[in-house]
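Overview (structure and organization)
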Amino acid sequence: CCSCCMNAEYPDDRCHKLRQHELWSFRPIFSPRIVAFMYLGIGVLFIILGAVCLAESSSLYLSEKFYYDQACPLSTTTPPAEPCKMTVTITKDIPAPVYLYYGIEQFFQNHRQYVKSISYEQLRGTWPMTSAQVDLCDPIETDPSLISGLNPTGIIIPCGLQAWSVYNDSLGLCAGPADSTPCATAAANSTAETSLMLAGMDNPTGIAWDADVDDNFKPGPTPDAGPWTAADNALITSEDFIVWMRPAAFRTFVKPYRIIEEDLPAGEYTLAVVARFPVSSFEGRKFVRVATTGWYGTQNAFLGAAFLATAGVSLLIATTVLVFERKMRQRLAAAGDGGGAAQVQSGAPEKAESDAGSA
């Protein structure tokens, strides 16, 4: 710019304005009415968004929390002698697909040490592992009993607090009481631990993120090239494990367990549980929920209510600005009229005196 100003073909006036920062610029100054109509537009837009979100949320179903930790004691035998069974009620007809979630209370997956205690390279099947990669799993890193020719340091697979606290309860669901014909038929035809399965519950797929399944959790080298066993690879690549390994943000959370591929009419259902995940040590609770999903997610009125609250505040601000602007106009108009009247009154005697003097 300095060289441009030194060039003779540029007029001095342009260089002067450039040096003095007086070039053309756009500085919007909004009047009160423009500001009020901007807030009015925001309010109307947020009312529409809030109504859409609330309508979508109300069309979805989310059951109450069915707690089972106190009714179903921990199983101490393998295989379990008999699953724990309890009756749950679904209050409306639910179209497929239906999602069965498990939930845990008072479990801090967002704890800093818990979140850090994981080796992503190991979960991707990386071998051999460096000491720095193994140290990420602190405090669950190695076990002397695992030392072998392929695993000279006894690295635990999978290592870390997250992998070693995985949720391992088994859940089942069937329509009707436990002694009803549908449940008896399901128990006779199922090989699962819970013996109670609706369509889709024996297929633990579709519950994890595609990116995790395709890229982040891979089988490691088999015993001829690495310390991974078939059981290790089966665990690491299972979607139940993958879902658990994505930490929750709050101490009370839910995670998807199964997708039920049939419609569920309203009524009583039997929930079968083989409990293995302990929660008494941290005073936690375990529960299940049944829900449907859409583009909005699961049923939650918070977002719609937040939109409507924001719309209300915007409309209130718009109304306040318009009222204030109107009052100011009236006050200025009154002040202007009063000043003109005073000027007329003060000028009348002067005119009369001048006329008398001329006479």
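For clarity, every value in this text was computed on a predicted model and none was experimentally measured.

This part takes up the packing of aromatic side chains. Using the criterion set out here, one finds 16 aromatic pairs in the structure. When the ring of Phe107 is compared with that of Phe277, the centres are 6.0 Å apart and the planes differ by 50 degrees; the resulting orientation is tilted. On the criterion of sequence distance, the pair formed by Phe107 in the loop between strand S3 (98-105) and helix H4 (112-116) and Phe277 in the loop between strand S6 (267-274) and strand S7 (285-291) is long-range, its members being 170 residues apart. Using a relative accessible area of 11% as the deciding quantity, one classes Phe107 as buried. Here Phe277 falls in the buried class, since its relative accessible area comes to 5%. Ring pairing ties together the aromatic residues Tyr102, Phe107, Tyr114, Tyr167, Trp244, Phe253, Tyr257, Phe277 and Phe282, which thus form one cluster. Sitting above the plane of the Phe287 ring, Lys65 keeps its charged end 4.8 Å from the centroid. Across from the ring centre of Tyr257, 4.2 Å away, lies the NZ or CZ of Arg258, which sits over that ring.

This paragraph deals with the pairing of S3. For S3, the buried fraction is high: eight of the eight residues fall into the buried class. Both faces of S3 are covered, namely the face carrying Val98, Leu100, Tyr102 and Ile104 and the face carrying Tyr99, Tyr101, Gly103 and Glu105. Sheet topology places S3 next to strand S5 (residues 253-260); seven bridges connect them, and they run antiparallel. Across the sheet, residue Leu100 finds its bridge partner in S5, namely Arg258. Sheet topology places S3 next to S7; seven bridges connect them, and they run antiparallel. Paired with Leu100 across the strands is Val290, a residue of S7.

Pairing within the open sheet is antiparallel, and its three strands lie in the order S2-S6-S4. Whereas interior strands pair on both sides, the edge strands pair on one side only; in this sheet they are strand S2 (84-90) and strand S4 (170-175). For this sheet, the mean inter-axis angle between neighbouring strands, taken without regard to orientation, is 30 degrees. Bridging between S4 and S6 involves six bridges; their strand directions are antiparallel. Within the sheet, the bridge partner assigned to Leu173 lies in S6 and is Leu271.

Turning next to the state of the cysteines. In this structure the tally under the stated criterion is two disulfides. A disulfide bridge connects Cys72 with Cys84, and the sulfur atoms are separated by 2.1 Å. Measuring handedness by torsion sign, the sulfur bridge of Cys72 and Cys84 sits at about -65 degrees and is left-handed. Of the two residues, Cys72 sits in the loop between strand S1 (66-67) and S2 while Cys84 sits in strand S2, which places them 12 residues apart along the sequence. In this structure Cys84 comes out as buried when scored by relative accessible area, which is 17%. Covalent S-S linkage joins Cys137 and Cys159, the inter-sulfur distance amounting to 1.9 Å. Here the residue Cys137 occupies a position in the loop between helix H6 (131-135) and S4, and Cys159 occupies one in the loop between H6 and S4, the gap between them amounting to 22 residues. By the burial criterion, Cys137 is buried, and Cys159 matches it.

What counts, and where the lines are drawn
Residues numbered from 1 in each chain as written. Predicted model: local features only at pLDDT ≥ 70, side-chain atom pairs only at ≥ 80, totals over all residues. Heavy atoms only, no water. Phe/Tyr/Trp six-rings, centres within 6.5 Å; stacked < 30°, edge-to-face > 60°. Helix = DSSP H or I, 4+ residues; strand = E, 2+ residues; numbered from the N terminus. Buried < 20%, exposed > 50% of the residue type's maximum accessible area, 1.4 Å probe, protein only. Lys NZ or Arg CZ within 6 Å of the ring centre and 35° of its normal. Pairing = 2+ DSSP bridges. Axes fitted to C-alpha atoms, helices over the stretch in contact; angles between N-to-C directions. Disulfide = S-S within 2.5 Å.

Honestly, it's all geometry; don't read function into it.
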